[in-house]
Every structure is written in structure tokens, then in C-alpha cells.
Amino acid sequence: MTQEITRDLIADRLGTVKYDRFLLYLMGPYKSFNLNYVLTDEERQNVSVGDLPGPLRKLFQNEDAIDEAEALLRRLQGTLRTDPEVNAFLAVDIDIETDEIDAVTQSIEYARCANATVFIVPFLGHNFGIGEETGSILENVAETHDDRIVFVHEANVTSEMIRSARARWDLRIETYETEAELIDTVRRFVVTTMNRERFGELDHLD
């Protein structure tokens, strides 16, 4: 039986914070850098890195940057769970197997359940991986959750996906140059969203 992703399920799998019912979904490109999401087990066994297309080949030569992308999200998560004490989470924290619910469907459901969703895109030397999964989420939730979504990218990241997202979904786009700026931008968005719920501009999610 496929597990249903709900707000209760997400909250139950996270630690306790002051505002534990305010769910903040943090999404970054490191999830899309996992070949498990695009290849079967059999296909992965037959893959030679040297035969991969350029962006994928560069990916496997830049594993430290990928690790740092996840570490950046973890630092941001920890900061936001401390101040303003919201239930910030990454998809991997919910621990649902991708053979039960595929990764893109999980991300769509997390965004639907979350009080706020933040896409974080650091500069990793290339832009591979930031388009397909993000576009799938926006296609499914932007119409009903556009006020709860922000896309924050490092200033030197350029992408046609970013430009098209702004035009197609009127998506809120922010930039940052330092980690401190990133933290301030996301914290400000979270606090604004909390206040909009509190004063009735946005529906309050139970």
C-alpha cells in the first residue's frame, strides 16, 4: 500500500520546534544530482562516466560541490529551525523510499503540504538539475501555492528555467551573494508568510 504524504506525516518525522505546524520545504539541486532518479539499477551498472553527456560528466567530477550544496541546505535548515523556529525540512528527512513514491511526486506533495517552499540554487559551475524537477513542482502547485513559493539563486547562476519560471508562473525570484544574505532572504520570506497566515491574507494550514 502506497503511503500517503500528509502534513501530519511530515511533522511526525521531524524534530520538535516552537512552530512545528509551520512546515518549510527546502529544496536544492543536489537531489537531482542522483542518478537513482533517472536510471534503473541495471542501467547504472552499465554506465561509464566517460560516456556520459558533458553536464553529467562534469557532475561526477565535481562531487565536493554537490556535497557542499547539501551542506548549505543543512546549515540553512538548522538556522531556520532555531530562528524563527519553524519546521524546516529536506525531502530526505521524511524518509519515503523512491520505489514507493518517485522523487518528483514526493517533492510535489511536500510543496502542497508545506506552509512555504523555498528553492535554493547555489552556483556549482553548471546549471544541470535545476530545471526538470522544479518545473514539475511548479506545474502542479504554482496556481494554488504561488504566494507560498520563492526561488532563491546565487547571483552568478543564470538559467533559462529561472527566466521562464518568472514569466510563466509569476514566480517570486530572489538572489544572494553570501550565505548570510541567503539566510536573511529566506528568513524574511518565512516570517512574512507566517504573518500573512496569522492576519488572514493566506489560509491557515492546520
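Described in the following lines is the structure provided in the data block.

Re the overall build of the protein chain
Along the protein chain, the regular secondary structure elements total nine helices and five strands. Of the regular secondary structure in the protein chain, the N- to C-terminal order runs α-β-α-α-α-β-α-α-β-α-β-α-β-α. Relative to its full complement of 206 residues, the protein chain shows a buried share of 47%. Put simply, of all contacts in the protein chain between residues at least 6 apart along the chain, 75% involve residues at least 24 apart.

Points about helix α9 (residues 179-198)
With 20 residues, α9 extends 28 Å between its outermost C-alpha atoms, agreeing within 8% with the 28 Å of an ideal straight helix rising 1.5 Å per residue. Just past α9, the residue Gly200 takes up positive phi, approximately 85 degrees.

So, the nonpolar core
By size, the foremost hydrophobic cluster in this structure holds 32 residues, and its most contacted members are Ile10, Tyr25, Phe89, Tyr110 and Leu138. Those elements that place two or more of their residues in this core are α1 (7-12), β1 (19-27), α5 (91-94), α6 (103-113), β3 (116-121), α7 (132-145), β4 (149-154) and α8 (160-169). Ignoring anything within four residues of it in the chain, the contact list for Ile10 reads Ile5, Leu23, Phe89, Ile94, Tyr110 and Cys113. In this structure, Leu73, Leu90, Val150 and Tyr176 belong to the second largest nonpolar core, which totals 22 residues.

Considerations on α6
Within α6, the full set of buried residues consists of Ala103, Gln106, Ser107, Ile108, Tyr110, Ala111 and Cys113. Here α6 starts with a cap whose side-chain oxygen sits 3.2 Å from the backbone nitrogen of Val104, and that cap is Asp102.

Side note on unusual backbone geometry
Across the chain, the bulk of peptide bonds are trans and the bulk of non-glycine residues have phi less than zero. Looking along the chain, the bond that leaves Asp83 and enters Pro84 is cis, with omega of 20 degrees. Mapped onto the elements, Pro84 comes out in the loop between α4 (63-82) and β2 (86-89). With phi around 70 degrees, Glu85 is a residue other than glycine that occupies positive phi space. Looking at the element boundaries, Glu85 is found in the loop between α4 and β2. Taking relative accessible area as the criterion, Glu85 reaches 32% and is therefore assigned partly exposed.

What to know about a negative patch on the surface
Side chains of Asp95, Glu97, Asp99 and Glu100 sit close together on the surface and give a patch of like negative charge. Assignment of secondary structure puts Glu97 in the loop between α5 and α6.

With respect to the pattern of salt bridges
When the charged atoms of two side chains lie near each other, side chains of opposite charge can form a pair. Counted by the stated rule, this structure contains ten salt bridges. When the shortest N-O distance is used, the salt bridge between Arg187 and Asp83 registers 3.7 Å. Residue Arg187 is located in helix α9, and its partner Asp83 is located in the loop between α4 and β2; the two are separated by 104 residues in the primary sequence. The salt bridge involving Arg196 is made with Asp147; its shortest N-O contact spans 3.6 Å. One end of the pair, Arg196, is in helix α9; the other, Asp147, is in the loop between α7 and β4, with 49 residues separating them in the sequence. By relative accessible area, Arg196 is classed as partly exposed at 22%. A residue is classified by how much of its surface remains accessible, and Asp147, at 37% relative accessible area, is partly exposed. A single salt-bridge network, built from bridges that share partners, covers Asp83, Asp184 and Arg187.

Describing the sheet that holds β4
With respect to topology, five strands assemble into an open sheet ordered β2-β1-β3-β4-β5, the strand pairing being parallel. Looking along the sheet, the strands with just one partner apiece sit at the ends: β2 and β5 (172-176). Strand-to-strand twist of the sheet, defined as the mean angle between neighbouring strand axes without regard to direction, takes the value 25 degrees. For β1 and β2, the ladder comprises four bridges, and the chain directions are parallel. Note on β2: the bridge partner recorded for Leu23 is Asn87. Against the sheet, α6 touches β1, β2 and β3, its axis set at about 140 degrees to β1.

Rules used throughout
- Residues numbered from 1 in each chain as written.
- Predicted model: local features only at pLDDT ≥ 70, side-chain atom pairs only at ≥ 80, totals over all residues.
- Heavy atoms only, no water.
- Helix = DSSP H or I, 4+ residues; strand = E, 2+ residues; numbered from the N terminus.
- Buried < 20%, exposed > 50% of the residue type's maximum accessible area, 1.4 Å probe, protein only.
- Contact = heavy atoms within 4.5 Å.
- Expected span 1.5 Å × (residues − 1).
- Core = buried A, V, L, I, M, F, W, Y, C linked by side-chain atoms within 4.5 Å.
- Polar contact = N/O pair within 3.5 Å; in protein donor to acceptor, adjacent residues only side chain to side chain.
- Patch = residues over 30% accessible without salt bridge, like charges linked within 9 Å, V, L, I, M, F, W, Y side chains within 5 Å.
- Areas by Shrake-Rupley, 256 points an atom, 1.4 Å probe, with all protein chains shown as cover.
- Salt bridge = Lys/Arg side-chain N within 4 Å of Asp/Glu carboxyl O.
- Lys, Arg positive; Asp, Glu negative; His and termini not counted.
- Charge placed at Lys NZ, Arg CZ, Asp CG, Glu CD.
- Pairing = 2+ DSSP bridges.
- Axes fitted to C-alpha atoms, helices over the stretch in contact; angles between N-to-C directions.

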